[in-house]
Amino acid sequence: MTPYPLSLPLAGRRVVLVGGGTAAARRLPGFLAAGARVSLVAAELTPAVHAYVDAGRVAWQARDFAEVDLDDAWLVCLADPAAADTVLAAAERRRVFCVPAEDQAPDNRAATTGSVALVGSGPGDPELITVKGRRLLAEADVVVADRLVPGMLLDALRPGVELVDASKIPYGPSVAQEEINRVLVDRALAGRSVVRLKGGDPFVFGRGGEEVIACVAAGVPVIVVPGVTSSVAAPALAGIPVTHRGVAHGFTVVSGHLPPGHPESLVDWGALARLGGTLVVLMGLKNLAKITTALVEHGLDPTAPVGVVQEGSTDRQRALRSTVGEVAADVAADGIRPPAVVVIGPVVDALGSARR
Ligand SMILES: C[S@@+](CC[C@H](N)C(=O)[O-])C[C@H]1O[C@@H](n2cnc3c(N)ncnc32)[C@H](O)[C@@H]1O
C-alpha cells in the first residue's frame, strides 16, 4: 500500500518518542523544530539525546514504554525496534499514528532537495501544453526555457519565479548542455522546484535524456511530462495526417541537421528512400537539397509529394506543397525559414481539398 504523504502541524502537540539511541537523536530536532511537546520514553539515553533532557527541551520517562504513555499523544515515533510490537499494538488501539523512525527522511538533504520536471511545451500554441505541464509551470520556483517554447507560457508565470533563458547560455552547443544540466541540478539541490520547459516533446530531439541522466547522477528527483511534438502536430495543423488508411501505415521521424554522408550522421537515407510510408524531417531546411538529392539517388520518386510547415500552430504558420525534386528550390523561393517540418509521402495529398 502506498503511504499517504502528510505534513502534520505539531506545534504545541504531544509527540511520544520511544527510544533513546541514534534514531531518536536524528528525529528529535525535526519534532522540536515543528514545535512539538516531545515526551521521550527510554530506559537509557545516548549522551546526544541526554543533552536535550539536560537542556529542558524534552521530558524523559526513564523506563520501558507503557500504553499510558500515549495519553493525549497525537503521534508516536518508534525509535527502538525492541519495543515495536508493544508500541504498534498500543498505537493501533489508541488510534494514534505511529511512524517508525527509519521510514522518515534518512538525511537533511532528502528533506530539502527540490526536483526537476522536464516539461514539453508543445509546438508553439500555448494551449497545446498538457494540463500537467501547465500545473507544474504554475508551481515552479525556477523555469529553464528553450528558445522555441511559447512566449505566452512564460508571460503567465507567477511573480518571483527565476527564469533562466537556456538559449542564451553563452557556450558552444555541447558545453551549453553541460551548463544547463548544472543549472538544473544546482537549483534542485537548493530545494527549488525546477521546470525545464522544452519545445515539442522533451525526448524528440530535445536532449531531455541527457538532462534526466544528469539529475539522476546528482540524486535529484526528476520526472518527464511528454509534450505534443511538432513532428506530428505541425503537419496535422497544415492538414497532413502522418498516417492515413490505405495510404501510409507508418511514419519515420528523422533529424536532418547533418547532411547525408556526414561522418557523424546516424540516419540511413538510402534505407529511408526505400521504406515507404511517411518521412518527417526535423531541422532539415539547411540540408534540404542534399537530403532530397540523396533520397532520389536511392530510388525515391522525384515527383513524390512534399509538405513543408513553418512555425506550425502559431499565428505565423506557413505551409507549402511541392515535390521531392523541387522542394529545395521552392523553399528558397518562398523564403521558408526554420523552425519547419518537412513531410514526404502520399499523405501530403491524402485529405485532398480538405487540406488547409
Ligand atoms: C531541436 S528540434 C526539437 C523538436 C521538439 N522536441 C519537438 O518534439 O517538436 C527543433 C526542430 O523541431 C521542429 N519544430 C519545432 N517547432 C516547430 C513548429 N512549431 N513548426 C514546425 N517545426 C517545428 C523544427 O524542425 C525545428 O528545427
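Residues numbered from 1 in each chain as written. Predicted model: local features only at pLDDT ≥ 70, side-chain atom pairs only at ≥ 80, totals over all residues. Heavy atoms only, no water.

The name that an unreviewed UniProt entry assigns to the protein is uroporphyrinogen-III C-methyltransferase, with the source organism given as Pilimelia columellifera subsp. columellifera.

Enquirer: Is there a simple way to explain the sheet that holds strand 6 (residues 115-120) in this structure?
Expert: Backbone hydrogen bonds are what pair the strands of a sheet, in a parallel or an antiparallel way. Strand order in this open sheet of five strands is 8-7-9-6-10, and the pairing throughout is parallel. The open sheet terminates on both sides in strands that have one partner only, identified here as strand 8 (162-165) and strand 10 (222-225). With direction set aside, neighbouring strand axes in the sheet form an average angle of 20 degrees. When strand 6 meets strand 9 (residues 193-198), the two strands line up parallel, connected through six bridges. Within strand 9, the residue paired with L118 across the bridge is R196. Here helix 5 (residues 131-139) sits on the sheet in contact with strand 6, strand 7 (142-145), strand 9 and strand 10, set at roughly 135 degrees to strand 10. (Pairing = 2+ DSSP bridges. Helix = DSSP H or I, 4+ residues; strand = E, 2+ residues; numbered from the N terminus. Axes fitted to C-alpha atoms, helices over the stretch in contact; angles between N-to-C directions. Contact = heavy atoms within 4.5 Å.)

Enquirer: Help me out: how do you make sense of the site of the ligand in this one?
Expert: The environment of the ligand is made up of 18 residues, and the closest members are V204, T229, S230, G312 and A340. One nitrogen or oxygen atom from the side chain of S230 is found 2.7 Å from an oxygen atom belonging to the ligand. Residue M283 places a main-chain N or O atom 2.9 Å away from an oxygen atom belonging to the ligand. Compared with its free state, where it exposes 570 Å², the ligand has 88% of that area covered by protein. Sorting the residues of the shell around the ligand by element identifies helix 9 (230-237) and strand 15 (340-344) as the ones contributing at least two each. Its residues placed into classes, the shell around the ligand shows 11 nonpolar, five polar and two charged. Built from parts of two domains, the shell around the ligand gets at least three residues from each of domain 2 (111-228) and domain 3 (231-354). (Near = heavy atom within 4 Å. Polar contact = N/O pair within 3.5 Å; in protein donor to acceptor, adjacent residues only side chain to side chain. Areas by Shrake-Rupley, 256 points an atom, 1.4 Å probe, with all protein chains shown as cover. Nonpolar A, V, L, I, M, F, W, Y, C, P; charged D, E, K, R; others polar. Domains from an automatic or database assignment.)

Enquirer: Hey, could you run me through the pattern of salt bridges in this one?
Expert: Oppositely charged side chains are able to pair whenever their charged atoms sit close together. Taken as a whole and judged by the stated rule, the model has 18 salt bridges. A salt bridge links D146 to R196, with the shortest nitrogen-to-oxygen separation between them at 2.9 Å. One end of the pair, D146, is in the loop between strand 7 and helix 6 (151-155); the other, R196, is in strand 9, and 50 residues separate them in sequence. Residue D146 is classed as partly exposed on the basis of its relative accessible area, which comes to 24%. A relative accessible area of 2% places R196 in the buried class. The residue R182 makes a salt bridge to D186 at a minimum N-O spacing of 2.6 Å. Pair noted here: R182 and D186 are both in helix 7 (residues 173-189), with a separation of four residues, about one helical turn. Residue classification places D186 among the partly exposed residues on the basis of a relative accessible area of 35%. Look at the salt bridges and you will find they share partners, linking E67, D71, R93 and R94 into a network. (Salt bridge = Lys/Arg side-chain N within 4 Å of Asp/Glu carboxyl O. Buried < 20%, exposed > 50% of the residue type's maximum accessible area, 1.4 Å probe, protein only.)

Enquirer: Looking at this structure, I do not really get the nonpolar core. What am I missing?
Expert: Here is a general trend for soluble globular proteins: nonpolar side chains tend to be buried in one another's company. With 23 residues, the main nonpolar core has W269, L295 and V308 as its most contacted residues. Put simply, the parts of the chain that give this core at least two residues each are helix 10 (269-275), strand 12 (278-282), helix 11 (288-297), strand 13 (305-310), helix 12 (327-334) and strand 15. The dominant element in this core, judged by the number of residues it contributes, is helix 11, at four residues. Contacts of V308, omitting those with residues within four sequence positions, involve L285, R318, A319, L320, V327, V331, I336, A340, V341 and V342. Counting residues in each nonpolar core, the second largest holds 21 residues, with V38, A42, Y52 and A101 among its members. (Core = buried A, V, L, I, M, F, W, Y, C linked by side-chain atoms within 4.5 Å.)

Enquirer: I tried to follow the pairing of strand 12 on my own but got confused; where do I start?
Expert: Put simply, side chains in a regular strand alternate between the two faces of the sheet. The buried fraction of strand 12 is high, at five of five residues. Side chains T278, V280 and L282 of strand 12 all project onto a buried face; the interleaved residues L279 and V281 project onto the opposite face, where all are buried too. Of the strand pairs in this sheet, strand 11 (residues 251-255) and strand 12 are connected by five bridges, and their pairing is parallel. Note that in strand 12 the partner of S255 across the bridge is L282. Regarding the hand of the β-α-β motif, the stretch spanning strand 11, helix 10 and strand 12 is right-handed. In this structure, strand 12 lies alongside strand 15, joined through four bridges in antiparallel fashion. What sits directly across from V281, in strand 15, is V342. (Right-handed = clockwise from strand over helix to strand, strands pointing away.)

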